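# A closer look at the structure
Each chain, written out:
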Amino acid sequence: MVAVDETDFGIDTVERTNVCAIVALFCALTGLFIPALVFGAIGYVESGGREYETGSGLAVAALILGAIELTAVVVAAVVLVSLH
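Residues numbered from 1 in each chain as written. Predicted model: local features only at pLDDT ≥ 70, side-chain atom pairs only at ≥ 80, totals over all residues. Heavy atoms only, no water.

## Quick look at the nonpolar core
For clarity, the cut-off: Here, nonpolar core means buried Ala, Val, Leu, Ile, Met, Phe, Trp, Tyr and Cys residues that are tied together by side-chain atoms lying within 4.5 Å of each other. Exposure categories follow from relative accessible area, calculated using a 1.4 Å probe and restricted to protein chains: below 20% of the type maximum is buried, above 50% is exposed, and the middle band is partly exposed. Comment: elements are numbered from the N terminus, with helices defined as DSSP H or I runs of at least four residues and strands as E runs of at least two. Any two residues having at least one pair of non-hydrogen atoms within 4.5 Å are treated as being in contact.
Formed by A24, C27, A28, A36 and A62, the largest nonpolar core amounts to five residues. In terms of residue count, helix 1 (residues 19–29) provides more of this core than any other element does, three residues in total. Among residues more than four places away in sequence, those in contact with A28 are A36, A62, L65, G66 and E69.

Written as structure tokens, this is what we have:
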């Protein structure tokens, strides 16, 4: 089976934002850092490989926020364990 893209026929395609990047940013803003990291990585790879999709900036922002949240949770857990 041959994969056919709309751009092969000279049809103008509308740029769209990658859904995984949007979901990743939403998860990062609501504190769900594990899905933010997963969807951020997927969204970054997908939006970089497709010329008609945008959203790599959203995915990077979600990855950064998710990493900061993960770091904060780990530091808080270490501090709480060391105080007990």
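Once the structure has been displayed, the description carries forward.
## Points about the environment of C20
Topologically, C20 is positioned in helix 1. Judged by relative accessible area, which is 16%, C20 ranks as buried. Other than its neighbours up to four places away in sequence, C20 contacts F39, I42, G43 and E46.

## Topic: the UniProt feature "transmembrane region" (unreviewed entry) in the chain
Threshold: UniProt positions are given in the numbering used here, feature names are shortened, and annotations may be inferred rather than shown by experiment.
Mapped onto this numbering, the UniProt entry gives "transmembrane region" (unreviewed entry) at residues 22–45 and 57–83. For the annotated span residues 22–45, helix accounts for 88% and strand for 0% of the residues, and the straight-line distance between the end C-alpha atoms is 14 Å. For residues 57–83, the helix share is 100%, the strand share is 0%, and the end-to-end C-alpha distance is 39 Å.

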